[in-house]
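A look at the structure
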Amino acid sequence: MSRILLIGLLISSRVVLAQDFFRLTGKISNPQQDYLTFTYYSDWISDPREYTLKMNRDSIFLVEFPLRDIAYCDISFGEHGLHLLKIEPGDQIHLTFDNNDFNGTLQAEGSGASKWTFQFMMRRKYETDRDYEMELGNFRAYTRASFFARTESLMQEQTAMLEERAAEFSPAFYALQKADITGRFKLKELGYLNFNKLPDSTLKLSWNGFSEEIKARSIYLGQLAEGLMENSLSGFRYKNSRTLEFEYLKNLKNTVGQGITERILATKILDYLNLDGLTEEIKLLGNDYMRFSDNDVYKKVIAYHFRKQEVLETGKDAPNFIVENRKGRLVELKDFRGKNLVLGFYDDECVLCKEDIRAMEFVEGFYSRKKDLEFVFINLSPKEAYRNFVKTTKPMGTHLNGYNNPFLKKNYNTEILPNYLIIDKSGKILSNTVDEPRLDDGRSLIQELDRLIFEK
């Protein structure tokens, strides 16, 4: 009943949205490596999309993809990075720089390049030439009056610079950039108030000055609203009740507006789902959100994660997968039938994953005499990186490679790393909410294994 309502509401409210393409090309002089990493954030609920851009012999790279609305992106190349640049459908940007003089040679040309040039200029003035945000992070150096005067001055200065060039930009970029300028400095003010244990009620901001869509899309207004939410929850009496907390947070719409409240609640539901699994309470909250929200993108994301959790629900058979071992031989999950499993997913770039693997050695050592318990880990990194990791680290347990495996992406929560399941001898899922071993040297996992498998 809950699943039908959740998906049915989504389908009934879905609309067809137009979209165009975003295209980025570029050429790098004196490159020290042959690839870049490009990540874009279509909204703050969907998982970010990451592309590894391989350069050709002429040090030229290209990425192109459909884009529905204004979004943010990061570009990383070695020690250099461009973060939270705004991109729009129809942009065709050509980016050039010299690796030996990144800041001095960085240039953008093409359709939509004016917004990039503006963002580069703001980056140089306020981050590279002089890091004003770092200066504002030294809360002890300011009285309240002087700190707020400084943030107000910088906010007005940056807004004036935006106004001077407004005619060059689309209405969406102008509105989002203005919202980010405001949100960034109001977030600094909130940090000052929290540091000095002053009430956030003294923070002055007219939330009605921004459209619901822009408030929901702006990274800094979103972070500001989340900060205010956390302050509000600090005095909330019913923290252990997801339902009461959710109902309490719905009242945020009276302060920050509907759009940004939908974003905060969607994030909360996904957090609940990750922490608790698909409980009946979370199902009911999902249905409640479908009624509360008007954002079809958020609802689609939540429905997608609910469906994935249903596949991995406790008591169901773990979906069988086929991956490779170090020698390239195919291995299936059902090959481990007859043994209880701790199944984990990780990759080489996940620092927390590596900490977990070290802590997991204590758990594996604790059960070294239990022949019917096996620890199996799926490394999601490229094959060569996986082989090097296993060879140099020599971790305990069985380590297999599931790089770019569409079945794992579809049926297991591999976007969230590290990620663990406990599976019994028949292949049924005993637990899909395993505590990460690094948090307590594996003690919680040992307790759960004793309870679920060894009946202690």
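Here, every reference points to the structure presented above.
Summary of the structure given here. Worth saying up front: this structure is predicted, and the values here are computed from it rather than measured. (Residues numbered from 1 in each chain as written. Predicted model: local features only at pLDDT ≥ 70, side-chain atom pairs only at ≥ 80, totals over all residues. Heavy atoms only, no water.)

**Considerations on unusual backbone geometry**
Where we set the bar: Each helix is a run of H or I in the DSSP string that is no shorter than four residues. Each strand is a run of E no shorter than two, and both are numbered from the N terminus. Burial classes follow relative accessibility: with a 1.4 Å probe on protein chains only, a residue under 20% of its type's maximum area counts as buried, one over 50% as exposed, and anything between as partly exposed.
For S59, which is not glycine, the phi dihedral falls at a positive 65°. Tracing the backbone through its elements, the reader meets S59 in the loop between β3 (49–54) and β4 (60–67). Classification of S59 by relative accessible area gives buried; the value is 14%. Look at L84: it is not a glycine, yet its phi comes out positive at around 60°.

**Overview of the packing of helix α9 (residues 242–250) against helix α11 (residues 280–292)**
Put simply, the rule is: Axis lines are fitted to C-alpha atoms, over the contacting stretch for helices. Their N-to-C directions set the angle, which ranges from 0 to 180 degrees. Small angles under 35 degrees read as roughly parallel and large ones over 145 as roughly antiparallel, with 65 to 115 read as roughly perpendicular and the rest as oblique. In this scheme the handedness of a crossing depends on how the near helix is turned from the far one: anticlockwise by less than a right angle means left-handed, clockwise means right-handed. Note on contacts: a residue pair is in contact if any heavy atoms of the two residues lie within 4.5 Å. Each residue receives one of three labels: charged for Asp, Glu, Lys and Arg, nonpolar for Ala, Val, Leu, Ile, Met, Phe, Trp, Tyr, Cys and Pro, and polar for the others, Gly being one of them.
It is at 10 Å that the axes of α9 and α11 come closest, and there the two elements cross at 15°. Relative to α11, the element α9 lies roughly parallel. Viewed along their axes, α9 and α11 form a crossing whose handedness is right-handed. Touching R242, T243, F246, E247 and K250 of α9 are E281, I282, L285, D288, Y289 and F292, all from α11. Broken down by class, the residue content of the contact of α9 with α11 amounts to five nonpolar, one polar and five charged.

**Description of the state of the cysteines**
This is how it is decided: Cysteine sulfur atoms that pair up within 2.5 Å are treated as a disulfide.
Within this structure, the stated rule accounts for one disulfide. What pairs with C350 in a disulfide is C353, and their sulfur atoms sit 2.3 Å apart. Residues C350 and C353 are joined by a disulfide whose S-S torsion is about 80°; by sign, that bridge is right-handed. Under the relative-accessibility criterion, C350 is labelled buried at 13%. Classification of C353 as buried rests on a relative accessible area of 1%.

**Considering the layout of surface pockets**
Threshold: Put simply, the grid is 1 Å and covers the protein atoms alone, a cavity is a trapped set of points that fit a 1.4 Å probe, a pocket is an open set with protein on both sides within 12 Å along at least five of seven lines, and lining residues have an atom within 4 Å of a point. Grid points are joined across faces, edges and corners, and a volume is the space filled by probe spheres set on the points.
Its volume calculated, the second largest pocket comes out at about 440 Å³. Contributing to the lining of the second largest pocket are 21 residues, with H83, R123, E127, R184 and Y220 lying nearest its centre. For the lining of the second largest pocket, the class distribution of residues is nine nonpolar, five polar and seven charged.

**Structural notes on the packing of aromatic side chains**
This is how it is decided: Here the aromatic set is Phe, Tyr and Trp, taking the six-membered ring for Trp, and pairing holds for ring centres within 6.5 Å; pairs whose planes are under 30 degrees apart are stacked, those over 60 apart are edge-to-face, and all others are tilted. Should the NZ of a Lys or the CZ of an Arg lie within 6 Å of a ring centre and within 35 degrees of the ring normal, that charge is described as sitting over the ring.
Here the structure, examined in full by the defined rule, presents 26 aromatic pairs. One aromatic cluster in this structure is built from F139, Y142, F147, F148, Y192 and F195. R144 extends its terminal NZ or CZ atom over the ring of F148, reaching a point 4.2 Å from the ring centre. Directly above the aromatic system of F454 lies the positively charged group of K370, at a separation of 4.7 Å from the ring centroid.

**Topic: helix α13 (residues 351–366)**
Note the following rule: In this scheme, a helix's expected span is set at 1.5 Å multiplied by one less than its residue total. What the bend at a residue measures is the angle between two axes, fitted to the seven residues ending there and to the seven starting there.
With 16 residues, α13 ought to run about 22 Å at 1.5 Å a step, and its terminal C-alpha atoms sit 24 Å apart, in line with that. Of all the bends in α13, the greatest, near 25°, is centred on A359. When we look at burial in α13, the residues that qualify are C353, D356, I357, A359, M360, V363 and E364. Of the surrounding elements, those touching the buried residues of α13 are β11 (340–346), β12 (373–379), α14 (383–393), β13 (398–401), β14 (419–423) and α16 (443–452).

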